[in-house]
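Overview (structure and organization)
Here are the chains, one letter per residue:
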Amino acid sequence: MIKAILIFNNHGKPRLSKFYEHYNEDTEQQIIRETFHLVSKRDENVCNFLEGGMLIGGSDYKLIYRHYATLYFVFCVDSSESELGILDLIQVFVETLDKCFENVCELDLIFHVDKVHNILAEMVMGGMVLETNMNEIITQVDAQNKMEKSEVMCFVTFINQCPCLDICSMQGHCFAFHTASASR
Amino acid sequence: MALKIVKGSIDRMFDKNLQDLVRGIRNHKEDEAKYISTCIDEIKQELKQDNIAVKANAVCKLTYLQMLGYDVSWAAFNIVEVMSSSKFTYKRIGYLAASQCFHESTDVIMLTTNQIRKDLSSPNQYDTGVALTGLSCFVTPDLARDLANDIMTLMSHTKPYIRKKAVLIMYKVFLKYPESLRPAFPRLKEKLEDPDPGVQSAAVNVICELARRNPKNYLSLAPLFFKLMTSSTNNWVLIKIIKLFGALTPLEPRLGKKLIEPLTNLIHRKIHIFSSHKMLCSQSHLIVSLSRIAVLISLSSGMPNHSASIQVMKYLGLLAMSKILKTHPKSVQSHKDLILQCLDDKDESIRLRALDLLYGMVSKKNLMEIVKKLMLHVDKAEGTTYRDELLTKIIDICSQSNYQYITNFEWYISILVELTRLEGTRHGHLIASQMLDVAIRVRAIRVFAVAQMATLLDNAHLLTGNMQRMGICEVLYAAAWICGEFSEHLENPMQTLEAMLRPKVATLPGHIQAVYVQNAAKLFATVLKNQEGNTDSTAAQETSQLMIDRLPLFVQSANLEVQERASCILQLVKYIQKLQQKDVEVAEEVCALFAGELNPVAPKAQKKVPVPEGLDLDAWINEPPSESESEDEQPKAIFAKEEPKHSRPRHTEVDEKELARRREARKQEQANNPFYIKASPSSQKAYQEAPGVEHIPVVQIDLSVPLKVPGLPMSDQYVKLEEERRQKERADKKKKEKKKRKEKRSGRGRKHDSGPESEEDITPAHMVDIVTEEMPEVHRSCLNITMNLKGNARTNMISAKKSSKHKKKKQKKEKEEKEKKKKKKHHHHHHHSDGGGEESVQNGTVEEEEPLPVSVYDIQGNLQDGSQVVVSVIFENKCDSFLKSMEFNVLDSLNSKLQRPEGSGPHDGLTVPFQLPPGVSNEARFVFTVQSIVMPQKLKGTLTFIVKDSSTHEKLDFKLHFTCTSYLITTPCYSDAFAKLLESGDLKCSSVRLEGVIMPFHHLLARICFHHHFSVVERIDSCASMYSRSIQGHHVCLLVKTSGQTVSIDAKCDEPTLLGNVLDEIKQTFSQC
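Cut-off values and rules
Residues numbered from 1 in each chain as written. Chains lettered and ligands numbered in written order. Predicted model: local features only at pLDDT ≥ 70, side-chain atom pairs only at ≥ 80, totals over all residues. Heavy atoms only, no water. Phe/Tyr/Trp six-rings, centres within 6.5 Å; stacked < 30°, edge-to-face > 60°. Helix = DSSP H or I, 4+ residues; strand = E, 2+ residues; numbered from the N terminus. Buried < 20%, exposed > 50% of the residue type's maximum accessible area, 1.4 Å probe, protein only. Lys NZ or Arg CZ within 6 Å of the ring centre and 35° of its normal. Contact = heavy atoms within 4.5 Å. Pairing = 2+ DSSP bridges. Polar contact = N/O pair within 3.5 Å; in protein donor to acceptor, adjacent residues only side chain to side chain. Nonpolar A, V, L, I, M, F, W, Y, C, P; charged D, E, K, R; others polar. Axes fitted to C-alpha atoms, helices over the stretch in contact; angles between N-to-C directions.

What follows concerns the packing of aromatic side chains. All names here are of chain A. According to the stated counting rule, one finds 17 aromatic pairs over all chains in the structure shown. Taken together, a centroid distance of 5.8 Å and an interplanar angle of 45° make the contact between F8 and Y72 tilted. A residue pair is termed long-range when its members are at least 10 positions apart, and F8 in strand β1 (residues 2–9) and Y72 in strand β5 (residues 71–77) qualify at 64 residues. Taking the relative accessible area as the measure of exposure, Y72 reaches 6% and is therefore buried. Linked through ring pairs, F8, F36, Y65 and Y72 together constitute an aromatic cluster. Across the ring face of F101, the terminal group of K115 is positioned such that the distance to the ring centre comes to 5.1 Å.

Structure follows, in structure tokens:
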């Protein structure tokens, strides 16, 4: 089982946190800090595994992480998960993000954390690995985004057709709104 | 209205969305908290609006703030509102927020049940998907119970996307609501062979997690997994399956041999399976993979540039080795040098793994060498964590299994003394306890230890020098105590006494000072005794004066313990001084104060104390609490009827047999419960392995090592001395070859013998005093239990054999036997046969005789074909022999027929497609064709099989109980459709009243849903409407009302007979609890 998935940057700022076990907000922040502390002091070319911090369950749990440019991707797992398997999964996760955001960078994760959550939900569910095939993940994410877009489009046409509005003054907004949702 | 919506949406455009919020936070770096608090106020305003789009936007922002550590539980209700939006966009936002911040104690979760159920049955697969994902994060026992059936239905959804999610979430449901495991398991198993690889991998995933908790129950799936392993190409599935086999092989050794070939193939294909591949059962195979690992590690250490991926392989190699070490220590030991090399690695994770390995690799032969290397590392190590880790490891290694590997305790003491010189360690107390332990238990070492400790006390200023090293001053506690207690061995007690009374001692922690004071008194006694013989009494008086001068310092101590001891001893010394001045000989009396030896007491010594006569620890003091009370422990509730029979005489006259039986029942219950995590599986073994008192050989210590080593000894000297000693011994041995040494060595050394110089040849220089260790009583009682188990099995077998020979006699005997067995069976299966007993409503225990119990079956309707019913039967072999050629046959009735393969006659049996080794259970499925489903019916059947040892045909009769409930299929229904159905007037009415039902209403509903396949349409206070459909399309509607302990059920159905029978079955369910 995966206990938590954390993404933070080189300064320990959280970019995504997903806990599959309940902690209160303070503990969650402490765990993020502790994990950052453990991970950040390690050299660049050492192995990607270390024992978990005290807060997350000590040495029964492993931290498996990868460091990409400015971001750390950390998975906290128990002994039922294979180390290399998870390492692979992180790679799949990052590649999927790269495809979905087209050259993903930290800014994408900062502004679209909800979207990252949606992608993650297609890979890991309730702490168990759901799908490892990148194409399958992308297909499902795209299909859901399309659905979302069509719902927004309905909404926009509804406004456009509405007679009691000054359409000219609205259009600027609608356009802005539309592009915003498209870029999302 | 339209205008209002539009207006809302315009508002929304001017609101901040998530991106704006993030941007805002980034622009307010200095006053982030203030900015966020204004944002939260805005969000609160937004949440008050009617427009769902605005609300969703607000909730989306809250999800982000939650990540930053802000508590957003106050918005839980708004989150539920957003979840229930009909638009996918908002629904997804709502479920995401819920999955991030809902948990078991969130009270609004109760409100979500119906919403989730609606989403689960939504025609849009992504609505269902989002609901499943969200649910997986916040499922509670209540939700699990209410939704178990809906999720089970989803497991056979047409879309693989939903199937895989439903399969995966079942694990969470099992965790929260274990009762659902049994009915869901056949379907889960079916999913292992799903055409979609994603669903397959999800099913493997779930079963692996289940098997981790209790592997025994999943042994029967081994052939299926074996097939999967050889056919699957998905790495994930392979890794999981191998992990699963890792858990299974210890239970079924034959599996190991079968696995070698496919595993080796796999390893050749993919080296990375290594990490998970932990069972490695046969020696030859092991060597192959080991050498590969070794090559791997050596390769990676030889590489000039340590790239990360090589480090990864190194780490995994070490990890794999530590797993192999548990089963095959010998083969790992040959790679000692490699592992020691890894200690030099710059990566701390790798160093720690290598340290772990060392623990298992030591033997009497190489202990000194390994520890010497570790000491070198201790000196070199940077960073206190790693150094501390090293220190604890050294002590662990040396002290493991009662200092089994230590041949020379002087060496060990000097290692401990060297360790005290470590800077800034936190493990002072650990070293101290080791010193005490060794000094107390190894008599021969006391002289040496006392000398060392005296030096330590003398140089105490080195230890207490700076405040940062406070941890290490714990050692002084041990030093002072040893010097005081064994002061007769001191060479110069006077000097030590002075060292202990230095003013600087007052800076030590209180509990250490207390020990100092107390032991100063002991030393004083010894000094007096030594000086008594002298004619000159001034020396003795000087000593007293010294005490009187120094002790007041301690009397002023802030620590109460120190103060009390000091003032007490001070008065004593003053009194002694008076006597001395009168030339009275006091030494004898003073020594008497501290006479007698303090012996160590083992933690388990309590067991040695016999239980007083007439005291029965197993008897209840009060009447046991009634077990049907708590709803959450439903499995127990099934017992309630049975229990009083054996619980009433529970006072004092409970006899041995009864106790043993109960213990056995409990053990079996635990073994069968997939969620029962065994307390500590090894504890029993440990008892058996630990030798009893009489087995401990007491060796006459032959001290060939000079006990006095001048000065502060370096442990290195001992390594040399040891070498010499061994050589001498070897020479000795040649002379008296016939003299058996076996008696001399302790039984445990056996595992480690081999190599050019066998372990036996190394006789320990000192012997650990372990007389006070384990007590054999415990061990014996464990044996009792196993004996009982065996006994039972045997009688079962015999009765079965008899039965085949003397068929007529059998009947009578059987009846007596049966009484007993039924009880026993309840213990076995109470947790999954939910209705309990043989006549349970949904699942039942087949009425049959031993030794092969067809224990549980589950009947499921087939939606596609209105006249088909699938019966899954679990066969469990409870006897000691192998069963084969099982044939399952049922006497067809007019109404129901067993489906047989084409070409076979109407009375032929069906061959069960597997054989059963002892203690194994497996499941087979049989399809029945049913004409009319309105009546319940019982089918008689027989099972024939051959017991391998006796090769006689055995026969077993059973009955299958087809209840009407088993023809019902949970079908969700909306309230409007439900109302239409009721209005249509096609339905016949019937009603039933249940009295004395003491359970919350929602539990009652859940019970009906679960056992009788209904779904709740609507619930208002203490009134609910429920719906279900039969496989032939009959509608069944229930209106359940409760007031007090009375429950009334009004029911409507288009088939009155079916309805009557279903109501009867519901009544029965509730009469059983």
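The subject of this paragraph is the environment of H377 of chain B. All names here are of chain B. With respect to the helices, strands and loops of the structure, H377 is situated in helix α21 (residues 367–380). Overall, H377 belongs to the buried group, its relative accessible area being 10%. Placed 34 residues apart in sequence, H377 and L343 show a C-alpha to C-alpha distance of 7.9 Å. Leave out the neighbours within four places in its chain, and H377 touches L340, L343, D344 and L390.

Take the sheet that holds strand β4 (residues 883–890) of chain B next. All names here are of chain B. With antiparallel pairing, the 4 strands of this open sheet are ordered in space as β6-β4-β8-β9. A single partner strand is all that each edge strand has here, and the edge strands are β6 (910–911) and β9 (953–962). In this structure, β4 lies alongside β6, joined through 2 bridges in antiparallel fashion. When the bridges of β6 are listed, F888 appears paired with L910.

Turning to the pairing of β4 of chain B, a few remarks are in order. The two faces of the sheet receive side chains in turn, since in a regular strand these alternate between them. Sheet analysis places β4 of chain B next to strand β8 (residues 937–947) of chain B, joined by 6 bridges and oriented antiparallel. Residue pairing across strands places K884 of chain B opposite I946 of chain B, the latter belonging to β8 of chain B.

Think of interface size as the accessible area that goes away when the parts come together; that is how it is often given. Contacts between the two partners involve 68 residues from chain B, matched on the other side by 68 residues from chain A. Taken together, the connections running from chain B to chain A amount to 30 residue pairs in polar contact (both at pLDDT 80 or more). Taken together, the residues that form the side of chain B that touches chain A break down as 31 nonpolar, 20 polar and 17 charged.

Residue and element names in this part refer to chain A. Spatially, 5 strands are ordered β2-β1-β5-β4-β3 in an open sheet, and the strand pairing comes out antiparallel. In this open sheet, the two strands that pair with only one neighbour each are β2 (14–19) and β3 (49–51). Here the strands of the sheet are splayed against their neighbours by 20° on average, with no regard to which way each runs.

Bringing the environment of I576 of chain B into the picture now. Residues and elements named next belong to chain B. The residue I576 is located in helix α31 (residues 560–581) in this model. Distance from I576 to A587, taken between C-alpha atoms, is 9.2 Å for residues 11 residues apart in sequence. If near-sequence neighbours (up to four positions away) are discounted, I576 is found in contact with F524, L528, V586 and V590.

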